[in-house]
Amino acid sequence: MEKLIKIIVGFGLLYGAYALFLKKWDYTSQAKRAEEKQHLKEEGLSSCYFFILPERLLLLNLLSGGFFFFYWSYKQWQAVLSGYKNLAGTRPKFGPFVRSIFGLFTFYQLLAIVNRTCAYMRKPQGLSHLFWGTLLWVGAVLPFIPVLPLWVRLLSPILFFYPPYMLQKYVNTLPKEIPPTKFRWIELLIVLVGWGLWGGVIFLLAKF
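Not measured: the values here are computed from a predicted model.

Further remarks concern the overall build of the protein. On a plain count of helices and strands, the protein comes out with nine helices and two strands. In the protein, the succession of helices and strands from N to C terminus is α-β-α-α-β-α-α-α-α-α-α. Sorting the 208 residues of the protein into buried and exposed places 35% on the buried side. When contacts within the protein are restricted to residue pairs at least 6 apart in sequence, long-range pairs at least 24 apart make up 74% of them. Counting only carbon and sulfur atoms, one obtains 72% of the accessible surface of the protein, whose full area is about 13500 Å².

In structure tokens form, the structure reads like this:
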């Protein structure tokens with residue numbers, strides 16, 4: 001009987017601790033989570049994204065000398081804008097074509113939307129869009145600074161190729177299973193266009 005009373009008292013103490021502390025903590029965390037989700041919806045999310053294997057994106061970017069980034073940026077914005085929502089009912093200005101031309105600038109906003117969507121869906125999210133966007137810029141600018149050592153100018157494009165690769169990895173975690181990402185002939189065309197453009201740049205530099 002004495003042992004039974006001790007067991008009952010023990011359960012009573014556990015329940016009291018739960019009622020006073022754990023239950024309150026659960027409520028607080030749920031309320032905070034609801035508040036965070038509300039804030040994310042105010043800032044803006046998207047339910048649509050462009051899917052491609054990150055490794056293929058990286059390879060095509062390398063093969064095209066970076067020009068594939070602008071095609072990829074167009075496809076991402078085309079998808080994102082089609083599924084974009086916020087509580088105010090507004091949409092980002094300008095369409096996917098303009099946003100892809102200015103992809104070095106709009107990359108910041110694109111990554112911010114992806115990060116918010118990942119946070120809303122409780123998926124892994126990347127570092128700040130300011131970090132990755134600045135890294136992209138550094139990788140795009142350093143090769144054209146003649147005072148830098150040649151090895152720095154040759155290796156710095158890696159900083160340009162890496163942020164889109166990382167962003168695509170986070171995008172691909174959003175669905176339970178990514179759609180089929182078959183090879184598209186336009187991807188090869190973009191690579192060839194990149195070769196042509198870089199060939200033209202090299203020709204002009206050689207002449208002057």
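It is worth spelling out helix α6 (residues 129–141) at this point. Given 3.6 residues per turn, any residue in an α-helix points the same way as the ones three and four places further on. Helix length check: α6 (13 residues) gives 18 Å between terminal C-alpha atoms against 18 Å at 1.5 Å per residue, within 8%. Among all positions of α6, only Trp132, Gly133, Leu135, Leu136 and Gly139 are buried. Down the axis, α6 shows its buried residues gathered within 155° of arc, on one side only. Where α6 begins, the capping side chain belongs to Ser128, and its oxygen is found 3.1 Å from the backbone nitrogen of Leu130.

Counted according to the given criterion, the structure contains twelve aromatic pairs. Between Phe69 and Trp72 the ring centres are 5.9 Å apart and the planes differ by 40°, which places this aromatic pair in the tilted class. Note that Phe69 and Trp72 are positioned in helix α3 (residues 68–82) at a spacing of three residues, about one turn of the helix. Using a relative accessible area of 0% as the deciding quantity, one classes Phe69 as buried. You can call Trp72 buried: its relative accessible area is 1%. Aromatic pair Trp72 and Phe107: ring centres 6.4 Å apart, planes at 45°, arrangement tilted.

Further remarks concern the environment of Trp132. Tracing the chain through its elements places Trp132 in helix α6. In this structure, Trp132 is in contact with Phe107, Leu111, Gly126, Leu127, Tyr162, Pro163 and Met166, ignoring residues within four places of it in sequence.

This paragraph deals with the confidence of the model for the protein. Fine structural detail should not be taken from predicted coordinates in areas where pLDDT scores are low. Here the protein averages 84 in pLDDT, while 87% of its residues score no lower than 70. When the criterion is pLDDT under 50, residues 3–11 qualifies, and its contacts beyond four places in sequence or with other chains add up to zero contacts. Note on residues 17–27: pLDDT under 50 across the span, and three contacts to partners over four residues away in sequence or across chains.

Attention shifts here to the side chain of Gln168. Mapped onto the elements, Gln168 comes out in helix α8 (residues 157–171). For Gln168, a relative accessible area of 0% corresponds to the buried category. A polar side-chain atom of Gln168 sits 3.1 Å from the main-chain carbonyl oxygen of Phe50. If near-sequence neighbours (up to four positions away) are discounted, Gln168 is found in contact with Phe50, Phe51, Ile52, Pro54, Leu57, Trp72 and Gln76.

Looking now at the nonpolar core. Counting 35 residues, the largest nonpolar core has Tyr49, Phe68, Trp72, Phe107 and Leu167 as its most contacted members. Elements that contribute at least two residues to this core include exactly α2 (54–63), α3, α5 (103–120), α6, α8 and α9 (185–207). Among the elements that take part in this core, α3 stands out by supplying eight residues, more than any other. Not counting the four nearest positions on each side in its chain, Leu167 is found in contact with Trp72, Phe107, Leu110, Leu111 and Val114.

Thresholds, definitions, all that
- Residues numbered from 1 in each chain as written.
- Predicted model: local features only at pLDDT ≥ 70, side-chain atom pairs only at ≥ 80, totals over all residues.
- Heavy atoms only, no water.
- Helix = DSSP H or I, 4+ residues; strand = E, 2+ residues; numbered from the N terminus.
- Buried < 20%, exposed > 50% of the residue type's maximum accessible area, 1.4 Å probe, protein only.
- Contact = heavy atoms within 4.5 Å.
- Areas by Shrake-Rupley, 256 points an atom, 1.4 Å probe, with all protein chains shown as cover.
- Expected span 1.5 Å × (residues − 1).
- Arc of directions from axis to C-beta.
- Polar contact = N/O pair within 3.5 Å; in protein donor to acceptor, adjacent residues only side chain to side chain.
- Phe/Tyr/Trp six-rings, centres within 6.5 Å; stacked < 30°, edge-to-face > 60°.
- pLDDT = per-residue confidence, 0-100.
- Core = buried A, V, L, I, M, F, W, Y, C linked by side-chain atoms within 4.5 Å.

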